[in-house]
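Coordinate analysis (summary)
The lines below spell out each chain.
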Amino acid sequence: NNAVEQCGATILETSHWIFPPNGLTMVFLLSESHASIHTYPEHGACFVDLFTCGEKCSAEKFDIAMREYLKPQLVNQRTLIRNEDISEKNAIQK
């Protein structure tokens, strides 16, 4: 919730499912599009997506909030800019 709020998005609805014992999938329906997280604790991994329209939301603020919360040891990040052509912005592996 915090990461979505920090990025400036408007949450319309959320849905989640817990996969016992510790897995989680959560989706945020946003007025700007959607965000999701899928966790795989048995592999020590999760996948996070943020899709937005317009210029109101900050993917950078979303990323900062998620990293502060999750404290990952390894991040594989891709930012794709959707316009007439999809272009990749700063593909980073940390």
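The structure displayed is predicted, hence computed values, not measured ones.

Spatially, four strands are ordered β1-β2-β3-β4 in an open sheet, and the strand pairing comes out antiparallel. Each edge of the open sheet is held by one strand with a lone partner, namely β1 (11-19) and β4 (45-52). Across the sheet, the mean angle separating the axes of adjacent strands is 5° when strand polarity is ignored. Summarising the sheet, strand β3 (residues 33-40) and β4 pair through eight bridges and their orientation is antiparallel. Across the sheet, residue Ile-37 finds its bridge partner in β4, namely Val-48. This element, helix α2 (residues 59-70), spans β3 and β4 of the sheet and lies at about 160° to β4.

The subject of this paragraph is a nonpolar patch on the surface. Where nonpolar side chains cluster on the molecular surface, the patch consists of Val-48, Tyr-69 and Leu-70 and spans about 300 Å² of accessible area. Tracing the chain through its elements places Leu-70 in helix α2. What makes Leu-70 partly exposed here is its relative accessible area of 33%.

Taken as a class, soluble globular proteins show a tendency for nonpolar side chains to be buried jointly. Grouped together as the largest cluster of nonpolar side chains are 13 residues, with contacts concentrated most on Val-4, Ala-9, Phe-28, Leu-30, Ala-35 and Phe-62. Elements represented by at least two residues in this core include exactly α1 (2-6), β2 (23-30), β3 and α2. Look past the residues within four positions of Leu-30 in its chain and what remains in contact with it is Val-4, Ala-9, Thr-10, Ile-11, Leu-12, Ala-35 and Leu-50.

What follows covers unusual backbone geometry. Going from Pro-20 to Pro-21, the amide bond is cis rather than trans, its omega being 5°. Turning to its location among the elements, Pro-21 is positioned in the loop between β1 and β2. Despite not being glycine, Lys-71 has its phi angle at roughly 50°, a positive value. Its location among the elements puts Lys-71 in the loop between α2 and β5 (76-81).

Next up on the list: the environment of Leu-30. Summarising the element assignment, Leu-30 is placed in strand β2. When the C-alpha positions of Leu-30 and Ala-9 are compared, they lie 6.5 Å apart, and in sequence the two are 21 residues distant.

For His-16, the location among the structural elements is in strand β1. On the basis of relative accessibility, which here comes to 47%, the residue His-16 falls in the partly exposed class. Separated by 12 residues in sequence, His-16 and Phe-28 place their C-alpha atoms 8.8 Å apart. Apart from residues no more than four positions distant in its own chain, His-16 is found in contact with Leu-24, Thr-25 and Met-26.

Here we take up α2. With 12 residues, α2 ought to run about 16 Å at 1.5 Å a step, and its terminal C-alpha atoms sit 16 Å apart, in line with that. Along α2, the residues classified as buried are Phe-62, Ala-65 and Met-66. Axial view of α2: buried residues confined to an arc of 100°, hence all on one face. Residues of α2 that are buried in the fold lie against α1, β3 and β4. One or two residues past the end of α2 sits Lys-71, with phi positive at roughly 50°.

Rules used throughout
- Residues numbered from 1 in each chain as written.
- Predicted model: local features only at pLDDT ≥ 70, side-chain atom pairs only at ≥ 80, totals over all residues.
- Heavy atoms only, no water.
- Pairing = 2+ DSSP bridges.
- Helix = DSSP H or I, 4+ residues; strand = E, 2+ residues; numbered from the N terminus.
- Axes fitted to C-alpha atoms, helices over the stretch in contact; angles between N-to-C directions.
- Contact = heavy atoms within 4.5 Å.
- Patch = residues over 30% accessible without salt bridge, like charges linked within 9 Å, V, L, I, M, F, W, Y side chains within 5 Å.
- Areas by Shrake-Rupley, 256 points an atom, 1.4 Å probe, with all protein chains shown as cover.
- Salt bridge = Lys/Arg side-chain N within 4 Å of Asp/Glu carboxyl O.
- Buried < 20%, exposed > 50% of the residue type's maximum accessible area, 1.4 Å probe, protein only.
- Core = buried A, V, L, I, M, F, W, Y, C linked by side-chain atoms within 4.5 Å.
- Expected span 1.5 Å × (residues − 1).
- Arc of directions from axis to C-beta.

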